[in-house]
Amino acid sequence: GSEDIGGGLKARFNLEGGFNSGTGAATGVLFDRTAWVGLEGSMGSLDFGRQYTVIFKTIGAYDPFNYKYTGIVPTAGMDGARRNNEIQWGKTFGGVTARVGYALGEVAGNNSAGATTEGGLSYANGPISFGGAYGTMENAAGNLTTTNWTLGGAYNAGAFRLAAGYDLKDAEVAGTSSTETKNWWLGGSYKMSAPTELSVAYYNTKLDAAGTAADGENKLFIVGVTYAFSKRTNFYADYDLKSLSGKSKVGTHDSQTGISVGINHVF
């Protein structure tokens, strides 16, 4: 919701919760997805609360599936998707969107412990869009730092869309140097007809734990189709195949196959 409070300024809020459609059970706290309040005006928007991170918003512009399968593809979770106690500013200047976020760690006696700082820039003009973001996170003790950066872009050519990106997370680990998680992806979509769209992508996630037994790799291939029954209702289905090695294995299994089907209805 939003309210015009005069002088070109708006007060706004968003409260969003999730539930399991199979059982009706809540997926977490009451507003486990989004819970923020803020102001929007000529200087941009300033929001406070639980909200999508700067890195999450930046990657969304060049994820081949536009976050369609957040539980399957790795892009949505590279920065945890949402963060509590976030203070976030954003503004669009022509084709450029700038975002800065700071999340309070809420550790008594240590203001930096548990805190996160992020910044990102995105550009969109005609068929071309690209962006990048960088962030740092301190652990609860305030003595170990995780850095995360991403770059990527997308190109729309009529019925075709191509998207590619890269993300690197470097986490300091006590007693060792660091653990790196490298992600890269490439994919695209094709508008087969007015209601039907086909999407294909490959995602590669590699965990490098300084040459230890914690190393692993996840290679994901996914193909999906959506069919719009109307402007507000669409059917979707996907087939995905994972090749797993090292620490990424599920038990002793080095591969996984998945099928998803469902209906989206926008109120």
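These lines cover the structure that appears in this document, whether it is placed above or below. Please read these numbers as outputs of a predicted model, since none were measured by experiment.

How each quantity is defined
- Residues numbered from 1 in each chain as written.
- Predicted model: local features only at pLDDT ≥ 70, side-chain atom pairs only at ≥ 80, totals over all residues.
- Heavy atoms only, no water.
- Helix = DSSP H or I, 4+ residues; strand = E, 2+ residues; numbered from the N terminus.
- Rg over C-alpha atoms; globule rule 2.2 N^0.38 Å.
- Contact = heavy atoms within 4.5 Å.
- Areas by Shrake-Rupley, 256 points an atom, 1.4 Å probe, with all protein chains shown as cover.
- Lys, Arg positive; Asp, Glu negative; His and termini not counted.
- Charge placed at Lys NZ, Arg CZ, Asp CG, Glu CD.
- Core = buried A, V, L, I, M, F, W, Y, C linked by side-chain atoms within 4.5 Å.
- Buried < 20%, exposed > 50% of the residue type's maximum accessible area, 1.4 Å probe, protein only.
- Polar contact = N/O pair within 3.5 Å; in protein donor to acceptor, adjacent residues only side chain to side chain.
- Salt bridge = Lys/Arg side-chain N within 4 Å of Asp/Glu carboxyl O.
- Phe/Tyr/Trp six-rings, centres within 6.5 Å; stacked < 30°, edge-to-face > 60°.

**Description of the overall build of the chain**
Here is step 1: Along the backbone of the chain there are one helix and 15 strands.
Here is step 2: Radius of gyration (C-alpha) of the chain: 20 Å, near the 18 Å computed for a compact globule of 267 residues.
Here is step 3: When the backbone C-alpha atoms are referred to their principal axes, the chain occupies close to 55 × 50 × 40 Å.
Here is step 4: Across the chain, contacts joining residues at least 24 apart in sequence account for 47% of those joining residues at least 6 apart.
Here is step 5: Carbon and sulfur atoms form 60% of the exposed surface of the chain, whose accessible area is close to 14600 Å².
Here is step 6: Averaging the locations of the 21 positively and 23 negatively charged side chains of the chain gives two centres separated by 6 Å.

**Here's the deal with the nonpolar core**
Here is step 1: Core analysis: the biggest nonpolar cluster contains 18 residues, and Ile59, Phe65, Trp185, Tyr203 and Ile222 have the highest contact counts within it.
Here is step 2: When residues of this core are traced back to their parent elements, those giving at least two are helix 1 (54-59), strand 12 (196-208) and strand 13 (216-228).
Here is step 3: Among the elements that make up this core, the one with the highest residue count is helix 1 (three residues).
Here is step 4: When residues no more than four places from it in sequence are discounted, the contact partners of Phe65 are Ser199, Val200, Ala201, Tyr203, Ile222, Val223 and Gly224.

**Section: the side chain of Arg83**
Here is step 1: Tracing the chain through its elements places Arg83 in strand 5 (residues 82-93).
Here is step 2: Judged by relative accessible area, which is 8%, Arg83 ranks as buried.
Here is step 3: A polar contact of 3.1 Å, which involves the side chain of Arg83, links it to the side chain of Asp79.
Here is step 4: Among the polar contacts listed, one links the side chain of Arg83 to the side chain of Glu118, at a separation of 3.5 Å.
Here is step 5: What Arg83 contacts, discounting residues up to four positions off in sequence, is Gly49, Arg50, Gln51, Thr53, Ala103, Thr116, Glu118 and Met137.

**What about unusual backbone geometry?**
Here is step 1: Despite not being glycine, Asn66 has its phi angle at roughly 50°, a positive value.
Here is step 2: Unlike most non-glycine residues, Asn85 shows phi in positive territory, near 55°.
Here is step 3: Secondary-structure assignment places Asn85 in strand 5.

**Things to note about the pattern of salt bridges**
Here is step 1: Counted by the stated rule, this structure contains six salt bridges.
Here is step 2: Connected via shared salt-bridge partners are Arg12, Glu40 and Asp47.

**What to know about the packing of aromatic side chains**
Here is step 1: Here the structure, examined in full by the defined rule, presents 10 aromatic pairs.
Here is step 2: For the ring pair Tyr52 and Phe56, a centre distance of 4.5 Å and an interplane angle of 10° mean the geometry is stacked.
Here is step 3: Assessed through its relative accessible area of 23%, Tyr52 is described here as partly exposed.
Here is step 4: For the pair Phe56 and Tyr67, a centre-to-centre distance of 4.3 Å together with 20° between the ring planes defines the contact as stacked. Taken together, the residues span a long stretch of sequence, with Phe56 in helix 1 and Tyr67 in the loop between helix 1 and strand 5 at a distance of 11 residues.

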